[in-house]
Amino acid sequence: MMNADADDGYAFASASSRAPTLADAISECARSIRKTLGDRREVTWAHVFVSRGAGYDEEEAASAGRRTREALSVKGCSRAPARLPTVIGAVTRTCVGGDGETSDGVSIVAASMPGTKVHAFRAESGVMPTLESGETWTRLVKSQGGGSSSSSSTDVVGVMMLAETSFEEVDELLERLHLAMPNSVALGGVVDEGSSLFLNDDVARRGAVAMMVEGDFDFETHVAHGARPVGPVMSLTQAHGSAVLELDDAPAHPLLLETLESLPETAKTLPVMLGLGVRGAKGPFACRDILAVGDGGAVEVASMSLREGVPVQLHVRDTKWASEQARSVIEKCVSSANEIKDVAKENSIGAVMFACGGANRMHANNFREQLPSVPLGGAYVRSEIAPLVARGASSVLSHTNAIGIFRKRRV
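The structure presented is a predicted model; accordingly, all values stated were derived computationally and were not measured.

Undergrad: I tried to follow the sheet that holds strand 23 (residues 383-387) on my own but got confused; where do I start?
TA: Strand order in the open sheet formed by six strands is 7-12-8-9-23-24, and the pairing between neighbours is mixed. The strands lining the two open edges of the sheet, one partner per strand, are strand 7 (117-123) and strand 24 (394-397). Taking the axes of each pair of neighbouring strands and ignoring which way they run, one obtains an average angle of 15° across the sheet. The pairing of strand 8 (residues 156-164) with strand 12 (residues 208-215) spans eight bridges and is classified as antiparallel. Bridged to Gly158 within strand 12 is Val213.

Undergrad: What am I meant to see in the pattern of salt bridges here?
TA: Between side chains of opposite charge, pairing is possible as soon as their charged atoms come close. Applying the stated rule across the entire model yields 14 salt bridges. Here Asp171 and Arg288 are joined by a salt bridge, their closest N and O atoms 3.9 Å apart. On the criterion of sequence distance, the pair formed by Asp171 in helix 5 (residues 170-180) and Arg288 in strand 18 (residues 285-293) is long-range, its members being 117 residues apart. According to the relative accessible area criterion, Asp171 is partly exposed, its value standing at 25%.

Undergrad: Explain empty space enclosed by the protein here, please?
TA: The method is simple in principle: a probe with the dimensions of a water molecule rolls over the atoms, and the space it marks as empty is what remains. Throughout the structure, instances matching the rule amount to two cavities of 30 Å³ or more. Here the largest cavity defines a volume of roughly 50 Å³. Residue lining of the largest cavity: Val159, Leu174, Leu177, His178, Ser184, Val185, Ala186, Gly392, Ala393 and Ser394, and that is the complete set. Taken together, the elements giving at least two residues each to the lining of the largest cavity come down to helix 5 and strand 9 (184-191). Looking at side-chain class alone, the lining of the largest cavity contains six nonpolar, four polar and no charged residues. By volume, the second largest cavity amounts to about 40 Å³. If you trace the second largest cavity, you find it lined by His225, Gly226, Ala227, Phe285, Ala286, Cys287, Leu397, Ser398, His399 and Thr400. Along the lines of polarity and charge, the residues of the lining of the second largest cavity split into five nonpolar, five polar and no charged.

Undergrad: So what exactly am I meant to see when it comes to the packing of aromatic side chains here?
TA: Aromatic ring pairs: the centre-centre distance and the angle between the two ring planes describe each pair. A full pass over the atoms with the stated rule returns six aromatic pairs. Ring plane angle 50° and centroid distance 5.1 Å describe the contact between Trp45 and Phe406, whose orientation is recorded as tilted. Of this pair, Trp45 sits in strand 2 (residues 45-51) while Phe406 sits in strand 25 (residues 400-408), and the two are 361 residues apart along the sequence. Each member of the pair, Trp45 together with Phe406, is buried.

Undergrad: Please explain the pairing of strand 25 as it appears in this structure.
TA: When a strand is regular, its side chains alternate between the sheet's two faces. Among the nine residues in strand 25, eight count as buried, and that is most of the element. Relative to strand 25, strand 13 (residues 217-225) runs antiparallel, the two being bridged by nine bridges. Counted as the bridge partner of Thr221 is Gly404 from strand 25. Alignment of strand 21 (residues 350-356) against strand 25, held across six bridges, turns out to be antiparallel. By the bridge assignment for strand 25, Phe354 is matched with Ala402.

Undergrad: Would you take a moment to explain helix 1 (residues 22-37) for this structure?
TA: The first and last C-alpha atoms of helix 1 sit 22 Å apart over 16 residues, in line with the 22 Å expected at 1.5 Å per residue. For helix 1, the complete set of buried residues consists of Leu22, Ala25, Ile26, Cys29, Ala30, Ile33, Arg34, Thr36 and Leu37. Each buried residue of helix 1 sits inside an arc of 160° when the element is viewed along its axis, so together they form one side. Those residues of helix 1 that are exposed and aimed more than 90 degrees away from the buried face are Arg31 and Lys35. Two residues or fewer past helix 1, Gly38 is found with a positive phi of approximately 100°.

Reading the values: rules and limits
- Within each chain, residue numbers correspond to sequence positions counted from 1 in written order.
- Local features in this predicted model are restricted to residues whose pLDDT is 70 or higher, and side-chain atom pairs enter the listing and the counts only when it is 80 or higher, whereas totals over whole chains, interfaces and linings include all residues.
- Water and hydrogen atoms were dropped before computing side-chain values, which therefore reflect all heavy atoms in the structure.
- Any two strands with at least two DSSP-identified bridges between them are counted as paired.
- Helix and strand definitions follow DSSP, with helices as H or I runs of at least four residues and strands as E runs of at least two, each counted in order from the N terminus.
- The axes used here are C-alpha line fits, helices contributing only the stretch in contact, and every angle between their N-to-C directions lies in the interval 0 to 180 degrees.
- By definition here, a salt bridge exists when the distance from a side-chain nitrogen of Lys or Arg to a carboxyl oxygen of Asp or Glu is within 4 Å.
- Here the term buried applies to any residue with accessible area under 20% of the maximum for its type, exposed to any over 50%, and partly exposed to those in between, with areas from a 1.4 Å probe on protein chains only.
- For cavity detection a 1 Å grid was placed over the protein atoms alone, and a set of points counts as a cavity when a 1.4 Å probe fits there but cannot get out; an open set counts as a pocket when protein lies on both sides within 12 Å along at least five of seven lines, with lining residues being those that have an atom within 4 Å of a point.
- Grid points are joined across faces, edges and corners, and a volume is the space filled by probe spheres set on the points.
- Here the nonpolar group is Ala, Val, Leu, Ile, Met, Phe, Trp, Tyr, Cys and Pro; Asp, Glu, Lys and Arg are the charged ones; every other residue, Gly included, is treated as polar.
- Pairing of aromatic rings covers Phe, Tyr and Trp, the last through its six-membered ring, and needs centres within 6.5 Å; plane angles under 30 degrees mean stacked, over 60 mean edge-to-face, and all others mean tilted.
- Here the expected span of a helix is defined as 1.5 Å times the quantity of residues minus one.
- Taken from the helix axis, the directions to the C-beta atoms give the arc we talk about.

Have a look at this one:
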């Protein structure tokens, strides 16, 4: 194990605990993380996830952010205060951490990234919110090239965001962030309605919490889809809010039924979703659950707002296909890690994972088996937040497995 105390490079650690009280679980995780990082190394940021099934009461769970900050802080001398990390987190369906997926308890992933800056914020609308640190958006935007896609800045802004499901403007906020800072990459998840969100010492039950890590590093994201495309690509020619009214200038519901009838028998019994094209008719597609069929054949989907003119294609949940996608993504993570293993020190790469709550719970275990030395943390959530295309804005996804990898920039 590396001697992190004397090292100025990056270092990551993760841990999970099923202790019966939240305080004991966080303390157990913190001791494990400190054993990996060393007592004197400052923790830059941490994510804490509390699984709903752990049985902690609401008041106890609300203290998770504060307890995590205190447990991971570097104690100063009598004349200097303790140096506290930036912490975000949430109550989730279940946690990812330590040796892989754990159904109950607490999971923490922590990072020591010297030379980076961390900015935290809480949002309740799609507009750019006030930053907790007093930092200005003007300075951040200028550092990213003033919103120009030709930015010459070498800095990356890694955005980690957690939102509650009633926050309907999360896609708008993500788009604004990316337009303002083209070098930003956002990853995270949407938790169930009413779930607590942690931001440092505070707790929220609406909106979103986020932190932005700014610096000269790589933040690589990979997305494995849980639904495969079927049938022809169509054009969304009329929509209202979250209702699809017409596809290819024809009523949406009859056309979708016709498409379903043309599928092989093996596909007809699988759960069906609607995929919205992100970059042209060849995809990729962001899948949305079909919620209901309304009057006149309108098809209601789980989307905050639909844009006319985007390509649309039906997708079906296919477990075998999803497993192959996840395996392919983990292979990419392994290949990426192996490219720098000769120069990277132990624990110098860290990973976060957000997966659909109904997905294969073996994804985290598979990651751990293939990359046993890479600290991993995250959660199984209602929806995932990630970019589907390189250098693109992130959006809310469905039925995916999103993985982000932090590390020093490769030279």
